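Structural characterization, general
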Amino acid sequence: MELYELNLHDAIEGLKAKKFSPEELFESCKKRIDSCEDKIHAFITRTEDFAKSQLASNPTGIFAGVPTVLKDNLCTKGIRTTAASKILGDWRPPYDATAWKYLREAGAILMGKVNMDEFAMGNTCGNSAFGPTANPNDISRVPGGSSGGSAAAVSAGYVPFSLGSDTGGSIRQPASYCGVYGLKPTYGMVSRYGLISYGSSLDQIGPFARTIQDLQLVMSVIGNYDPMDSSCFREKAHDFTHNENPSIKGKKIALVKEFQDFTLDAPIADAMNKIKKILEDEGAIITEVSLPVVARYAVACYYALAMSEAHTNLERYDGVRFGYTVKDAAGIKEMFERVRSDGFGAEVKSRIIAGTCLTEPTRCEEYYVAATKVRTLIAQEFSRAFGETDFILQPATPSMQPKIGEVDDDEMKGYEADLYTLPVNLAGLPGLSFFTGYADKLPVGLQLIGPRWSDAELLNAGVIIERHTGSPKIANGGAE
Amino acid sequence: MAELTFTPVIGIEIHIRLKSDSKLFCSCSTDTDAPANTNICPVCMGLPGSLPRLNHKVVEQGMLAGFALNCGIRPKSLFFRKSYFYPDLPKGHQVSQCDLPITTSGYIEVHDANGNLKKIRVHHLHLEEDVGSLHHSASDGRLEGADTSYVDYNRCGTPLAEIVSEPDVASASEAVEYVMNLRRRVIYSGASDVELEKGMMRFDANVSMKCSDGRWGHKVEVKNMNSFKALERAIEFEIKRQKKLMLNGEDVIQETRHWNDAKGITSPSRVKENYRKFIVEPDLPPLYITQEWIDKMRAKMPEMPDVKANRYVSEWAIPREVADVITDDKNLAAYFEACVAAGANPVRASHWVRTEVLRVLNENQLKIKDFKIKPEVLAALVSRVDEGKISTTQGKEVFDYMFANACGIDEAVAKLGITEGGVAGNALNDIIAAVIKANPDVLEEIKSGKDKKGKKLKFLQGLVMKETKGQAKPQEVAEAIAEAVK
């Protein structure tokens, strides 16, 4: 067994017991990256020199010497941060994102910044100024998005864990596609300071790993209060300590009534049945909840809010203080126009335009303001549902991994696909994307959702499922 | 046909820099005089990934300023993003409470054309962040036509209170009284020092005209006034301009105009007003203010200047004019009250502060807080004159000497060679008053100008010297009588 194959927990234990050195672990991961990266293309920026400088300073902490990668919308001091956009150019932030700061202080070693859809807008990781990333399980397929690079890096065995961000499914869908675990924490659980904003009221940073226990380890480090983020707060202290034998006996797990008529790809439908059976065998009660407002309005509500927030979040990219700029503009107006026209990709521009239209004075009430009200209804609907059930079980995505470049022109399917992930962000809930097994060598994932601040309980439920399904294997990374 | 008359309808928007060591959404210093771009951080520079965090000290300053304008405080207010592109605005939007402000409505009193008190209603006060400052290489200092422009972000994110009035102002003089009263009250509240020379108060005015024939002119927004004088001149200019247009039967175009202080005119703004839209600032939770917090801040509110002046008049019988002058400056009023607290007679102390203290401050370009003679020292001096230990004239000499030499009363008295104990000061004044009262015909002759050779004055002097049993200085007696018969 190679060192890169170790999960986070085992790597920590091995390092602690001095079975191998941090340098050996680093070299093993680097070798793995070197052998697969041509085919996977997960990285935007490799930072092995920085990693070596970290190792040279003998890091301490619970992650001391463990390599990781970060989605490239997380700011890293002095290290290029692009959000996969041309508009950020060679920008090197003067500060670290808090989540990365906490990891760095715990001794984690940065191997690089990984690919994503530009400004987290997309679900294939193909909408990047740096080209697409491939799924390590089948390099002809997409890894999902927008945190595709973070999911692929963990799946391919580059690193035992990584961080991504989830605005409407950007952790849960790629985790499912790549066959790893991914947690979108409760809104406010992890500081967003240093996360390049897409939709501020929806964005949340979360971890990817190959075991639930590893997610728990990462959450114990990043899930801590930060005064730099006003939306980051604590109603109670959270304990992510791993429990070998959690119980789900007597807990209710619901399916969403309104989603039952939707078509699922066969492996996903099979996985639903398999997991239901496992949970029932563990003593859980399978039930049903009704979410009519979610089913009818969540997608429209989400896009109205996300685009309205996005267009104001993206106003700061004007070429004046950082990133891509033009030096030969005739005036300030031309400078702004050219920087933004050349710097942003097509998808980002279309969302900026949509956001601008949705909030302009004549339409603002009808769209943006209406969406904020619908959002309140959606949150209330979930609250009511969680009075009737402990968790909700559903897919993270209804379809198996599409081929790179393959366009799914079935609009209804796209709409239904979004419905599995977006409402969780609208209500600020935690969502766990978990591995269930393989179908024809492709991993199949599902999603478990809980009420706000139930992240630790969700992960405990994940431990039970993992005990039955086993953890995912490291993908072959494109090897023939 | 009757002559047409015009009534100006004016609303005023004021931006005031609130007093705070750190910025509204980060911990950077608010020292805008520091070298360019030295008081900046990722937050006030709007760098990707940075998030605002509300400075609660500024919230308290906003509450105090609101109380000064007779406003209530909203238990819940919100921040919004006000979008437009400009190089001095790093995020491409200004974070402002424009749509759900921290205060409810209030008012400020002014005098109308007939001298009657009227209320100018304040629609609200809200908190917002200031923008950076631009420096252009073009000769006219403006952005357009400049080869290069430089941005200093030190001012970016410094806290502002925007105060929006209802269109209750009917003249330039009402406008000036409104902003002066408002400024004084805000200074009293402690929310801001509102130093005009440092650009801590900026004005915009919305001016329109109502004609007696029923016509209403469109509203014109006049921007770029940074002084009371500029505000007054700009409004006067705009009233004249709009009146002339309407007299000629022309339309007043609804537009934004720029006040050019050097030329003394307004002209259409070259920068097109951007289309602004507001969304809730998703990075800041709503601002909740509890009743306890409101009560705590209200308890910190000092007496307002008009209330204070009224108290001086009613409690201490200080002349209205003197009371108004002293209460105009919060620190001067505090100085005066300290004199009284130290035992000085309020009326006499008020005259000393009104004349001597202000004279010395003006002559030396000083502020009261930098004035070296302590209030208890002035109180002691006033008392000595009061008790007749030294004369009024001597008292003024002692005062000037103490100011010039930074010494105490005893030292000044000794150095000036003044012998205390004679009949002087108010004791002398009382004798003079009695002598004059007993000789009304003599006073009449002096006043009518018949006493060309000063014989009658000498006569009064003799009577006074007799009354004091020779304990007064003849020179002083002569001066005091000359003053008394004026």
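Residues numbered from 1 in each chain as written. Chains lettered and ligands numbered in written order. Predicted model: local features only at pLDDT ≥ 70, side-chain atom pairs only at ≥ 80, totals over all residues.

Along its length, chain A carries 15 helices and 11 strands. Taking 480 residues into account, the globule formula puts the C-alpha radius of gyration at 23 Å, and chain A, at 21 Å, falls close to it. With the C-alpha coordinates aligned to their principal axes, the bounding extent of chain A is approximately 70 × 55 × 45 Å. Looking at the 480 residues of chain A, the share that counts as buried comes to 57%. Contacts spanning at least 24 positions in sequence make up 77% of the contacts within chain A whose residues lie at least 6 apart. (Helix = DSSP H or I, 4+ residues; strand = E, 2+ residues; numbered from the N terminus. Rg over C-alpha atoms; globule rule 2.2 N^0.38 Å. Buried ≥ 20, exposed ≤ 12 C-beta atoms within 10 Å, placed from the backbone. Contact = placed C-beta atoms within 7 Å.)

Another point: the overall build of chain B. The helix and strand inventory of chain B stands at 15 helices and 15 strands. Taking 23 Å as the expected radius of gyration for a compact globule of 486 residues, we find that chain B reaches 29 Å, considerably beyond that expectation. For chain B, the residues scored as buried account for 40% of the 486 residues in total. Contacts spanning at least 24 positions in sequence make up 70% of the contacts within chain B whose residues lie at least 6 apart.

Let us now look at helix α10 (residues 332-343) of chain A. All names here are of chain A. For α10, spanning 12 residues, the distance from its first C-alpha to its last is 16 Å, which sits close to the expected 16 Å at 1.5 Å a residue. All of the buried residues in α10 are Phe 336, Val 339, Arg 340 and Gly 343. Down the axis of α10, the buried side of the element spans an arc of 85°, and every buried residue falls inside it. Exposed side of α10, more than 90 degrees from the buried face: Lys 333, Glu 334 and Ser 341 are the residues found there. (Expected span 1.5 Å × (residues − 1). Arc of directions from axis to C-beta.)

Residues and elements named next belong to chain A. Contact geometry of helix α9 (residues 292-313) with helix α12 (residues 365-388) gives a least axis separation of 8 Å together with a crossing angle of 135°. With respect to α12, the element α9 is oriented oblique. With respect to the hand of their crossing, α9 and α12 are arranged in left-handed fashion. Every residue of α12 that contacts α9 at Val 293, Val 294, Tyr 297, Ala 298, Cys 301, Ala 304, Leu 305 and Ser 308 is listed here: Tyr 367, Tyr 368, Ala 371, Thr 372, Val 374, Arg 375, Leu 377, Ile 378 and Glu 381. Along the lines of polarity and charge, the residues of the contact of α9 with α12 split into 13 nonpolar, 2 polar and 2 charged. (Axes fitted to C-alpha atoms, helices over the stretch in contact; angles between N-to-C directions. Parallel < 35°, antiparallel > 145°, perpendicular 65-115°, else oblique. Left-handed = near helix turned anticlockwise from the far one by under 90°. Nonpolar A, V, L, I, M, F, W, Y, C, P; charged D, E, K, R; others polar.)

All right, on to the nonpolar core then. Core analysis: the largest hydrophobic core is formed by 215 residues, its most contacted members being A:Ala99, B:Ile16, B:Ala175 and B:Ala205. At 11 residues, α9(A) tops the list of elements feeding residues into this core. Apart from residues no more than four positions distant in its own chain, B:Ala175 is found in contact with B:Ile10, B:Ile12, B:Val169, B:Ala205, B:Leu231, B:Glu232 and B:Ile235. B:Ala309, B:Tyr312, B:Leu381 and B:Val413 belong to the second largest nonpolar core, which has 28 residues in total. (Core = buried A, V, L, I, M, F, W, Y, C linked by C-beta atoms within 7 Å.)

Residue and element names in this part refer to chain B. Interhelical geometry of helix α6 (residues 320-328) versus helix α8 (residues 346-363) gives an angle of 60° and a closest axis separation of 10 Å. Of the possible angle classes, the one that applies to α6 and α8 is oblique. Judged by the sense of rotation from one axis to the other, the crossing of α6 with α8 is left-handed. On α8, the residues touching Val 322, Val 325 and Ile 326 of α6 are Ser 350, His 351, Val 353 and Arg 354.

A separate point is the interface of chain B and chain A. Often the size quoted for an interface is simply the accessible area lost on bringing the parts together. Contacts between chain B and chain A engage 25 residues on the former and 33 residues on the latter. Looking at the side of chain B that touches chain A residue by residue, the classes come out as 15 nonpolar, 5 polar and 5 charged.

What follows deals with the pairing of strand β10 (residues 431-439) of chain A. All names here are of chain A. The pairing of strand β5 (residues 181-184) with β10 spans 3 bridges and is antiparallel. Across the sheet, residue Gly 182 finds its bridge partner in β10, namely Ser 433. Two elements, β10 and strand β11 (residues 442-449), share 8 bridges in a ladder whose sense is antiparallel. Opposite Ala 439, over in β11, you have Leu 442 as the bridge partner. The turn linking β10 back onto β11 is made up of 2 residues, and Asp 440 within it adopts a positive phi angle of 60°. (Pairing = 2+ DSSP bridges.)

On to the sheet that holds strand β2 (residues 67-71) of chain A, then. Residue and element names in this part refer to chain A. Judged by pairing direction, the sheet is mixed, and its 11 strands sit side by side in the order β1-β3-β2-β4-β6-β5-β10-β11-β9-β7-β8 without closing on themselves. Strands with a single pairing partner mark the edges of an open sheet, and in this sheet they are β1 (43-46) and β8 (285-289). Going across the sheet, the axis of each strand differs from the next one's by a mean of 30°, ignoring polarity. Contacts between helix α7 (residues 212-222) and the sheet are confined to β4 (161-166), β5 and β6 (204-209), with β6 contributing the most and set at about 145° to the helix.

Partitioning chain B into structural domains gives domain 1 (14-200 + 257-292), domain 2 (309-421) and domain 3 (422-486). Each of domain 1 of chain B and domain 2 of chain B has a C-alpha centre, and these two points are 39 Å apart. (Domains from an automatic or database assignment.)

Here A:Ser147 shows up in the loop between β3 (109-114) and α5 (148-155). In this structure, the C-alpha to C-alpha distance between A:Ser147 and A:Tyr302, residues 155 residues apart in sequence, is 19 Å.

Residue and element names in this part refer to chain A. Residue Ser 146 follows Gly 145 across a cis peptide bond; omega there is 10°. Within the element layout of this structure, Ser 146 appears in the loop between β3 and α5. Positive phi, normally seen in glycine, also occurs at Phe 119, with a value near 55°. For Phe 119, a count of 30 C-beta atoms within 10 Å translates into the label buried.

This prediction gives chain B a mean pLDDT of 90; 94% of its residues lie at or above 70. Scored by ipTM, the complex comes to 0.95, with pTM at 0.89. (pLDDT = per-residue confidence, 0-100.)

Looking now at the pairing of β4(A). Residues and elements named next belong to chain A. Counted residue by residue, β4 has 6 buried out of 6 residues, so it is predominantly covered. Alternating residues of β4 divide into Phe 161, Leu 163 and Ser 165 and Ser 162, Gly 164 and Asp 166, and every residue in both groups is buried. In this structure, β2 lies alongside β4, joined through 3 bridges in parallel fashion. The residue bridging Val 69 from the neighbouring strand is Ser 162, located in β4.

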